[in-house]
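# Observations on the model geometry
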Amino acid sequence: LFKRPFVTHHGKFYLNPYIGISIYPSDAADEFELLSHAHAALTHAKSSGTINWAFYDEALNVKANTRMQMQADLREAIKNSQFELFYQPKISTIDEKFVGVEALIRWYKPGVGFMAPDLFIKHAEASDLIIPIGNWVIREACQQAKSLLDLGYDDFTVGINISAKQFASGDLCDTLKMTLQLLRVPAQYIDIEVTETVYMDMADGVTEQIDKLRALGVSLSIDDFGTGYSSLSYLQSLTFDT
């Protein structure tokens, strides 16, 4: 039913429904608990990315508690500077020369050790925590570019992965520009990596951001191409360097 547009005098509108389902009395003993459990199922439906509806089960409470604890731990990680950047070198296949690095974030969680981004970035993206984390990555990666310049390298790029939420915030270009000026790093040494999914999901808002970044002088790469919309012909319409 919702695949059809709702027609008003302002035009046609498409709505995406999300439904959380809780059943009385098997799931809850009163109306308050019933609504709470329905809301937990709704949250799961919204975050799953593959379904529009979900039934409540006890595991959802565990997931919700885990998510809240992870976000609390991430706030402490930001406060206590528990993140580190690792740098994966890029080597030319033509002459085997060093041509740059890609910055990869790791979280050194006390009592756990280093955690890969796939274990915590999704929790940061589910909140606004990805913005300060992303800004920290930009500063650290630009500092690494400055260090490479001081060591005498003059033909390289430092790749920085940008999350969808940070890209959509609208502050990316200003943050990057200010950081480059502060550290005295020419923009040509920075490569901004954006996933194919980000580009496709934000098609309308991405173009303006890309134009601003191009004007700044950084290079742009599209990451993980083919994992979503795998048509190679689509590459012709993407304004990326790599």
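Above this text you will find the structure in question.
Quick look at the structure, then. (Residues numbered from 1 in each chain as written. Predicted model: local features only at pLDDT ≥ 70, side-chain atom pairs only at ≥ 80, totals over all residues. Heavy atoms only, no water.)

### Description of the overall build of the protein
Scanning the protein from N- to C-terminus turns up eight helices and ten strands. In terms of principal-axis extent, the alpha carbons of the protein reach across some 70 × 55 × 35 Å. Evaluated residue by residue, the protein yields a buried proportion of 35% over its 242 residues. Accessible surface, the protein: about 14,900 Å² in total, of which carbon and sulfur atoms supply 54%. Measuring between centres, the 20 positive side-chain charges of the protein sit 3 Å from its 31 negative side-chain charges. (Helix = DSSP H or I, 4+ residues; strand = E, 2+ residues; numbered from the N terminus. Buried < 20%, exposed > 50% of the residue type's maximum accessible area, 1.4 Å probe, protein only. Areas by Shrake-Rupley, 256 points an atom, 1.4 Å probe, with all protein chains shown as cover. Lys, Arg positive; Asp, Glu negative; His and termini not counted. Charge placed at Lys NZ, Arg CZ, Asp CG, Glu CD.)

### A few points about the state of the cysteines
In total, this model carries zero disulfides according to the counting rule given. Free of any disulfide, Cys142 has its nearest neighbouring cysteine sulfur in Cys173, separated by 12 Å. Residue class for Cys142 comes out buried when judged on its relative accessible area of 0%. (Disulfide = S-S within 2.5 Å.)

### Considering the side chain of Thr179
Mapped onto the fold, Thr179 is located in helix α6 (residues 172-183). By relative accessible area, Thr179 is classed as buried at 8%. At 2.8 Å, the side chain of Thr179 forms a polar contact with the backbone oxygen of Thr175. When neighbours within four sequence positions are excluded, Thr179 is seen to be in contact with Ile138, Arg139 and Cys142. (Polar contact = N/O pair within 3.5 Å; in protein donor to acceptor, adjacent residues only side chain to side chain. Contact = heavy atoms within 4.5 Å.)

### Focus: helix α4 (residues 130-150)
With 21 residues, α4 extends 30 Å between its outermost C-alpha atoms, agreeing within 8% with the 30 Å of an ideal straight helix rising 1.5 Å per residue. When α4 is considered as a whole, its buried residues turn out to be Ile130, Ile133, Gly134, Asn135, Trp136, Val137, Ile138, Ala141, Cys142, Ala145 and Leu148. After α4 finishes, the residue Gly152 shows a positive phi value of roughly 105°. (Expected span 1.5 Å × (residues − 1).)

### Focus on the pattern of salt bridges
Inspection of the entire model under this criterion finds five salt bridges. Linking Lys109 and Asp73 is a salt bridge whose minimum nitrogen-to-oxygen distance equals 3.1 Å. On the criterion of sequence distance, the pair formed by Lys109 in strand β6 (residues 98-109) and Asp73 in helix α2 (residues 58-79) is long-range, its members being 36 residues apart. The salt bridge involving Lys165 is made with Asp128; its shortest N-O contact spans 3.6 Å. With Lys165 in helix α5 (residues 164-168) and Asp128 in the loop between α3 (121-125) and α4, this pair connects stretches of sequence that are 37 residues apart. (Salt bridge = Lys/Arg side-chain N within 4 Å of Asp/Glu carboxyl O.)

### Digging into the pairing of strand β10 (residues 219-223)
Counting buried positions along β10 yields four of five residues, so the element is predominantly enclosed. Of the strand pairs in this sheet, strand β9 (residues 190-195) and β10 are connected by five bridges, and their pairing is parallel. From the neighbouring strand, Glu193 faces β10, where its bridge partner is Ser221. (Pairing = 2+ DSSP bridges.)

### Things to note about the pairing of strand β8 (residues 157-161)
Where β6 lies against β8, three bridges are found, and the strand directions are parallel. Looking at the pairing, Glu102 lines up with Gly159 of β8. Pairing analysis gives four bridges linking β8 to β9, with the strands arranged parallel. Looking at the pairing, Gly159 lines up with Asp191 of β9.

### Let's talk about the packing of aromatic side chains
Inspection of every chain in the model, using the stated rule, returns ten aromatic pairs. Their ring planes at 45° and their centres at 6.1 Å tell us that Phe83 and Trp107 sit as a pair that is tilted. With a gap of 24 residues between them, Phe83 in strand β5 (residues 83-91) and Trp107 in strand β6 connect regions that are remote in the sequence. Here the aromatic cluster, defined as three or more aromatic residues joined through ring pairs, consists of Phe83, Trp107, Phe120 and Trp136. (Phe/Tyr/Trp six-rings, centres within 6.5 Å; stacked < 30°, edge-to-face > 60°.)

### Some points on the packing of α4 against α6
Here α4 crosses α6 at 35°, and the two axes come no closer than 10 Å. Handedness of the α4/α6 crossing: right-handed. Within the contact between the two elements, α4 uses Asn135, Ile138, Arg139, Cys142, Gln143 and Lys146 and α6 uses Leu172, Thr175, Leu176, Thr179, Leu180 and Leu183. When the residues that make up the contact of α4 with α6 are grouped by side-chain class, the tally is six nonpolar, four polar and two charged. (Axes fitted to C-alpha atoms, helices over the stretch in contact; angles between N-to-C directions. Left-handed = near helix turned anticlockwise from the far one by under 90°. Nonpolar A, V, L, I, M, F, W, Y, C, P; charged D, E, K, R; others polar.)

### Digging into a negative patch on the surface
A grouping of Asp30, Glu31, Glu33, Asp57 and Glu58 is seen on the molecular surface, where their side chains present a negatively charged patch. Along the chain, Glu33 turns up in helix α1 (residues 31-48). (Patch = residues over 30% accessible without salt bridge, like charges linked within 9 Å, V, L, I, M, F, W, Y side chains within 5 Å.)

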